Amino acid sequence: MVDVVIDEAVDETEARVWLRQYNDELRKRKTSLNEASWAHSTDMNPATAEAAIQANNQVHEWKLKKLKEASRFTPAAYSEDLRRQFWLISLDGTPEDSNDLRQMSKLTNDIESLYSTGKACREENENEVCHPLEPDLEHIFATSRDYDELEWAWIGFRDAIGPAMRDKFARLVELKNSGAGEHGFGNFWELLSAPFEIENLLEVANGLWSEIRPLYVQLHAYVRRRLASFYGEDKVSTTGPIPAHLLGNIWAKWWSNIYDLVAPYPDQPDMNVTSVLLQKGYDPLRMFKIAEKFFTSIGLRELPEVFWEKSMIVRPADREVSCHPTSWDFYHHSDVRVKMCTEVNHEFLGTIHHELGHIQYFLQYEDQPMLYRDGANPGFHEAVGDTVSLSAMTPAHLRTVGLLTDWPDTHESEINFLLRQALDKIPALAMGVMIDTWQSRVFSGKITADEYNREWWKLRLEYQGLSPPVPRTEEDFDAGSKFHIVYGFAMMRYFVSYIIQFQFHESLCREAGYPHGQLHKCDIYGSSQAGDRLREMLRMGNSQPWPEAMKVMTGQNKMAASAILEYFQPLMKWLREQNGDESIGW
Ligand SMILES: [Zn+2]
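Residues numbered from 1 in each chain as written. Predicted model: local features only at pLDDT ≥ 70, side-chain atom pairs only at ≥ 80, totals over all residues. Heavy atoms only, no water.

Section: unusual backbone geometry
Alright, step 1. Cis geometry is found at the peptide bond from Glu-134 to Pro-135, where omega equals 0 degrees.
Alright, step 2. In this structure, Pro-135 sits in helix α5 (residues 133-143).
Alright, step 3. The residue Asn-125 is not glycine, and still its phi comes out positive at about 50 degrees.
Alright, step 4. Secondary-structure assignment places Asn-125 in the loop between β1 (119-124) and β2 (127-132).
Alright, step 5. The exposure class of Asn-125 is exposed, given its relative accessible area of 76%. (Helix = DSSP H or I, 4+ residues; strand = E, 2+ residues; numbered from the N terminus. Buried < 20%, exposed > 50% of the residue type's maximum accessible area, 1.4 Å probe, protein only.)

What follows is the structure in structure tokens.
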């Protein structure tokens, strides 16, 4: 028995020719689409919005047409390479009905605009002043230690966007589900998670999370106790969930902004380099240069001229823009750009390394056919810059580049550093599983539109041990305050990234000759061996299933929590000692 009847198959050569044309045309179309989206994101007004919607619809309609055309081919009879390309083409959820498509684009644009123009307003010196998320509210969350002000900012942003977004979002869920259904997916979540090429993605993620959760629970208990002693036990209970507005970030995703409140050894120097950056007169451009130098030190590519010409690296004063940091590939002549509203501080130095990881990936796989010009899976794309950051943001490295002047090599400073790292990595992992559990249940219908917010907070509590600062109702739509939900991303891209970047780091450190057990101290700067290993994986793009790319990089073909746990092992031990018999959990 053969499972493919070859004589009915369309000739492979014909399929190959068709795919070549598909790739060429897709490239051109994505170039124009990204130009239109870029024009809108860097100058948000009704005209650019309309043009972006048009461009988006055109690509969708074209893809739909080609998808129908592709149905005459018989991928099962072809080589693996061709089968993969046809599979990638099939990952499409565009509704057949052009009215549905138009409605979908319009609603998507509406909620994205609500999100990116949402402001929290208050009276200041007898005038009403409205603050956008970036940079005003982010700054307030990072620096304010005033319980009431944080509560105002937390509520204000959500009030500005949630209620107005809720019905639109619910309608979008229907449209996205029906689009995905037309293409053979059970619901939109199935489509969203397909590119990860992991069977039962959320189960796998929950399995990994259960290994990391003990560290999260220790961290949570420690932070909670410190917050309770700062804000008072009437505001923060020492046994219950933490109020979500006190963690230094509007979503409580990264907690390192409250490092000053939770520093293990406050008399030891902090590794935050913000003050040195300011003292030394760094500007955003120079911060980019220092990050670029790390990539070139391991033999990766310099940023092309066009990057410097066309990127938006600071917030322009004269127009509304979307500030959320993003990296863009324009798919021709190495035209790659970032869009972000850089501030001169420690956090942004990390963000720059992160974004330049995306840019480096774009540059390395630029010779692949268009369908393969992507990460091995979405998590890989997010992991590249972070992997570099694990070296570039170590105290030892920051000292080398003159950004950290006073850093003693003591156990105390090591714990200070690891706690700061943990505040950024571990809560974000919790949030990743939490959000996608919510998304998958929403798209599968397990969570219905009349219980969006209740279920949101149930999961916030279950996974993260967080509670809202004030009671929430179904009038509110707190999921809508999160960029990735509004913009239709799976958070698994970050979850996967936060797991595998430690695996990558471990293998690059081995390559660079770093001793075992020193993962948190390793810096691969200047190691061309590490760079070669990384480049080999980056150049593959998405041409093979991710376990192959993982193997090139690490020798393993599975995600594993062992590297991240090893990295934080000294901190875990310290947290256990600190928490002792105190209550943990919530
Ligand atoms: Zn990213």
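The structure having been displayed, the exposition proceeds.
Comments concerning the coordination of the zinc ion
Alright, step 1. Looking at the metal site, the zinc ion is ligated by His-354 (NE2), His-358 (NE2) and Glu-382 (OE), spaced 2.1 Å from it.
Alright, step 2. All donor residues of the zinc ion come from one chain, and their arrangement in sequence is H-x3-H-x23-E. Pair noted here: His-354 and His-358 are both in helix α13 (residues 346-364), with a separation of four residues, about one helical turn. Comparing His-354 with His-358 shows no difference in burial state: the two are buried. (Donors = N, O, S within 2.8 Å, 3.2 Å for Na, K, Ca; no water.)

Some points on α5
Alright, step 1. Buried residues of α5: Leu-133, Glu-134, Leu-137, Ile-140, Phe-141 and Ala-142, and no others.
Alright, step 2. Tucked inside the fold, the buried residues of α5 contact α4 (98-117), β1, β2 and α6 (147-182). (Contact = heavy atoms within 4.5 Å.)

Notes on the UniProt feature "active site" (unreviewed entry) in the chain
Alright, step 1. Using the residue numbers shown here, the UniProt feature "active site" (unreviewed entry) corresponds to Glu-355 and His-484.
Alright, step 2. By the element assignment, Glu-355 lies in helix α13.
Alright, step 3. Excluding residues within four positions of it along the chain, Glu-355 makes contact with Pro-325, Thr-326, Ser-327, Val-338 and Met-340.
Alright, step 4. There is a polar contact of 2.6 Å between the side chain of Glu-355 and the side chain of Ser-327.
Alright, step 5. Of note, His-484 is situated in helix α18 (residues 483-486).
Alright, step 6. Setting aside its immediate chain neighbours within four residues, His-484 contacts His-324, Phe-489, Met-491 and Tyr-494. (UniProt positions renumbered as here; feature names shortened; annotations may be inferred. Polar contact = N/O pair within 3.5 Å; in protein donor to acceptor, adjacent residues only side chain to side chain.)

Section: the packing of aromatic side chains
The geometry of an aromatic ring pair comes down to the distance between the two centres and the angle between the two planes.
Alright, step 1. What the rule picks out here adds up to 40 aromatic pairs.
Alright, step 2. These aromatic residues form a ring-pair network of at least three members: Trp-18, Tyr-22, Trp-62, Phe-73, Tyr-78 and Phe-86.
Alright, step 3. Looking at Arg-420, its charged tip hangs above the ring of Tyr-259, at a distance of 4.6 Å from the centre. (Phe/Tyr/Trp six-rings, centres within 6.5 Å; stacked < 30°, edge-to-face > 60°. Lys NZ or Arg CZ within 6 Å of the ring centre and 35° of its normal.)

So, the pairing of strand β5 (residues 336-339)
Alright, step 1. By the alternation rule, side chains of β5 split into Val-336 and Val-338 and Arg-337 and Lys-339, which are all buried.
Alright, step 2. Relative to β5, strand β4 (residues 326-329) runs antiparallel, the two being bridged by four bridges. By the bridge assignment for β5, Ser-327 is matched with Val-338.
Alright, step 3. Linking two consecutive strands that pair antiparallel, namely β4 and β5, is a turn of six residues; a positive phi of about 60 degrees is found at Tyr-331 within it. (Pairing = 2+ DSSP bridges.)

As for the side chain of Ser-413
Alright, step 1. Position of Ser-413 among the secondary structure elements: in helix α16 (residues 411-444).
Alright, step 2. For Ser-413, a relative accessible area of 1% gives the class buried.
Alright, step 3. Those residues in contact with Ser-413 that lie beyond four places of it in its chain are Gln-268, Trp-407 and Pro-408.

Description of the UniProt feature "binding site: Zn(2+) 2" (unreviewed entry) in the chain
Alright, step 1. Taking the UniProt record as the reference, the feature "binding site: Zn(2+) 2" (unreviewed entry) is found at His-354, His-358 and Glu-382. With the annotated positions falling across 29 residues, the maximum pairwise C-alpha distance of 7.4 Å places them together in a single cluster.
Alright, step 2. Once residues within four sequence positions are removed from consideration, His-358 is found in contact with Ser-327, His-381 and Glu-382.
Alright, step 3. Mapping Glu-382 onto the fold places it in helix α14 (residues 378-392).
Alright, step 4. Dropping the residues within four chain positions of it, Glu-382 is found in contact with His-354, His-358, Arg-493, Tyr-494 and Ser-497.

As for the state of the cysteines
Alright, step 1. Enumeration over the complete set of coordinates arrives at three disulfides.
Alright, step 2. Here Cys-121 engages in a disulfide with Cys-130; their sulfurs sit 2.0 Å apart. One disulfide, between Cys-121 and Cys-130, carries an S-S torsion of 110 degrees and so falls in the right-handed class.
Alright, step 3. The class of Cys-130 is partly exposed, set by a relative accessible area of 33%.
Alright, step 4. Here Cys-509 engages in a disulfide with Cys-522; their sulfurs sit 2.0 Å apart. Judged by the sign of its S-S torsion, about -100 degrees, the cystine formed by Cys-509 and Cys-522 is left-handed. Remark: Cys-522 occurs in the loop between α19 (492-511) and α20 (528-540) and Cys-509 occurs in helix α19; sequence separation between them is 13 residues. For the pair Cys-509 and Cys-522, a shared accessibility class is recorded, and that class is buried.
Alright, step 5. Numbered by order of appearance in the sequence, the disulfide-linked cysteines of the chain pair as 1-2, 3-4, 5-6. (Disulfide = S-S within 2.5 Å.)

Some thoughts on the pattern of salt bridges
Once the charged atoms of two side chains with opposite charge are near each other, the side chains can pair.
Alright, step 1. Across all of its chains, the model carries 32 salt bridges by this definition.
Alright, step 2. The closest approach of N and O atoms between Arg-171 and Glu-174, which form a salt bridge, is 2.7 Å. Here the residue Arg-171 and the residue Glu-174 both occupy positions in helix α6, the gap between them amounting to three residues, near one helical turn.
Alright, step 3. Accessibility expressed as a relative area gives 48% for Glu-174, which makes it partly exposed.
Alright, step 4. The salt bridge involving Glu-382 is made with Arg-493; its shortest N-O contact spans 3.0 Å. One end of the pair, Glu-382, is in helix α14; the other, Arg-493, is in helix α19, and 111 residues separate them in sequence. By the burial criterion, Glu-382 is buried, and Arg-493 matches it. (Salt bridge = Lys/Arg side-chain N within 4 Å of Asp/Glu carboxyl O.)

A closer look at the layout of surface pockets
Alright, step 1. Space inside the second largest pocket adds up to approximately 320 Å³.
Alright, step 2. Trp-189, Glu-190, Ser-193, Asn-200 and Leu-201 are, among the 15 residues lining the second largest pocket, the residues nearest its centre.
Alright, step 3. Counting residues per element, the ones that place at least two in the lining of the second largest pocket are α7 (188-193), α8 (201-231) and α16. (1 Å grid on protein atoms, 1.4 Å probe; cavity = no way out; pocket = protein on both sides within 12 Å on 5 of 7 lines; lining within 4 Å. Points joined across faces, edges and corners; volume = space filled by probe spheres on them.)

A few points about the environment of Thr-74
Alright, step 1. Position of Thr-74 among the secondary structure elements: in the loop between α2 (46-70) and α3 (80-90).
Alright, step 2. Sequence separation of Thr-74 and Leu-215 is 141 residues, and the distance between their C-alpha atoms is 49 Å.
Alright, step 3. Engagement of the side chain of Thr-74 in a polar contact is seen with the backbone nitrogen of Val-10, the distance being 3.2 Å.

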